[in-house]
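# Structure assessment
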Amino acid sequence: MTHLSLVPLQVDVGDPLLVVGGLAILLVVTTVYSMVEIVDAYNRGALTVFGEYRKLLEPGLNIIPPFVSRVYTFDMRTQTIDVPSQEAITRDNSPVTADAVVYIRVMNAKRAFLEVDDYQRAVSNLAQTTLRAVIGDMELDDTLSRREMINERIRTELDEPTDEWGIRVESVEVREVTPSRDVKGAMEQQTSAERKRRAMILEAQGERRSAIEKAEGQKQSNIIRAQGEKQSQILEAQGDAISTVLRARSAKSMGERAVIDKGMDALTEIGQSESTTFVLPQELSSMVGRYGKHLTGSDVEEQDGKLESLEFDEETRELIGLDDIAEIIGEIEDTDVDVEAMEQEAEAIKEGEDMPTDGGDVIDVPETQQDGDGS
């Protein structure tokens, strides 16, 4: 293993050449360092020489006079300035507390350097006074609900003075407007009362709508009930009319049947007498003529051997059983009168004279030759 021995280096500090050389090197390094200024891409630099403004330094490497120059950098990006909370009194004497945020950008670094001292602090102070002035010119309700108008008014108020500083106010945002505790309590009571009022209005409207719907339903129910009663009365009246007609027809048929029966009895008695002339009641002769006309089918429509009533439609006929009633009446009216038998009986009468009477029809029976005298 090899051991190295260290030999101390001895420098003669008393040699003036070495001292001057070292100072010269140090001076050169310091001079070069002070001559070089590097500016970031988002900054601008204001150069002063012996306190006199010379120019703006662009981003990158810049050579400036050494030892007598100073560079002031300005951030050219959008900057945020917080406006402290401000107490203000609205136009309707309501105390509120508000704070805001202001967004600015340096547009002219020379004017920002020469026209204003600490532009950020200047903008912040100006925003504070403007915020108090704008809120003091508005009603409390407007300060709580019209934030956009407050923002626009503050931005407009800040534009003119900041333009002279080379600063542009891009936007202003009011973050919070807080009323005092007493005002907040009163507002809560007002809000509660307003909600109760709206609830009462909605409840009243609901009851009114319900009453309207109920009345409308009752109205429709009454209309339907009245229509039902009307139909019931109409049907009842029609039933009474039909019953009356049927009773009348039945009575008429029964009366005619009785007349026919009496007439037949009379014809039987006449046929047994010796007279060749006899009187028929007018009612009997008219019924005989009518039934004879019916038998010829001249004025009554007949279908399947039954008389069909044309006074009712099929539904009504089925409802009241008119077909069955008509069949019964037809059986009553279809009683045949044997006219030929009556004539034969009349011819068999040997003797008789024509005896016309009022209210009756006279039937002449031709004389037939009698046994014995021929008269």
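Provided above is the structure to which this section pertains.
These remarks concern the structure in this document. In this text, all values refer to a predicted model and were calculated from it rather than measured experimentally.

## A look at the overall build of the protein
If you tally the helices and strands in the protein, you get 10 helices and 12 strands. Out of the 375 residues in the protein, the part that is buried amounts to 24%. Of the contacts made within the protein by residues no fewer than 6 positions apart, 66% connect residues no fewer than 24 positions apart. For the protein, the exposed surface amounts to about 26,100 Å²; the carbon and sulfur share of it is 52%.

## Regarding the environment of Trp 165
Position of Trp 165 among the secondary structure elements: in the loop between α5 (147-164) and β8 (167-179). Residue Trp 165 is classed as buried on the basis of its relative accessible area of 17%. With 53 residues separating them along the chain, Trp 165 and Ala 112 place their C-alpha atoms 5.0 Å apart. Excluding anything up to four places from it in sequence, Trp 165 contacts Asn 108, Arg 111, Ala 112, Glu 115, Val 116, Ala 122, Val 123 and Leu 126.

## Focus on the nonpolar core
In terms of nonpolar packing, the biggest core is built from 34 residues, with Val 102, Ile 104, Leu 131, Ile 154 and Ile 167 touching the most fellow members. Elements with a minimum of two residues in this core: β6 (79-89), β7 (95-106), α2 (109-114), α3 (119-136), α5 and β8. Val 39, Leu 47, Leu 57 and Ile 64 belong to the second largest nonpolar core, which has five residues in total.

Parameters at a glance
Residues numbered from 1 in each chain as written. Predicted model: local features only at pLDDT ≥ 70, side-chain atom pairs only at ≥ 80, totals over all residues. Heavy atoms only, no water. Helix = DSSP H or I, 4+ residues; strand = E, 2+ residues; numbered from the N terminus. Buried < 20%, exposed > 50% of the residue type's maximum accessible area, 1.4 Å probe, protein only. Contact = heavy atoms within 4.5 Å. Areas by Shrake-Rupley, 256 points an atom, 1.4 Å probe, with all protein chains shown as cover. Core = buried A, V, L, I, M, F, W, Y, C linked by side-chain atoms within 4.5 Å.

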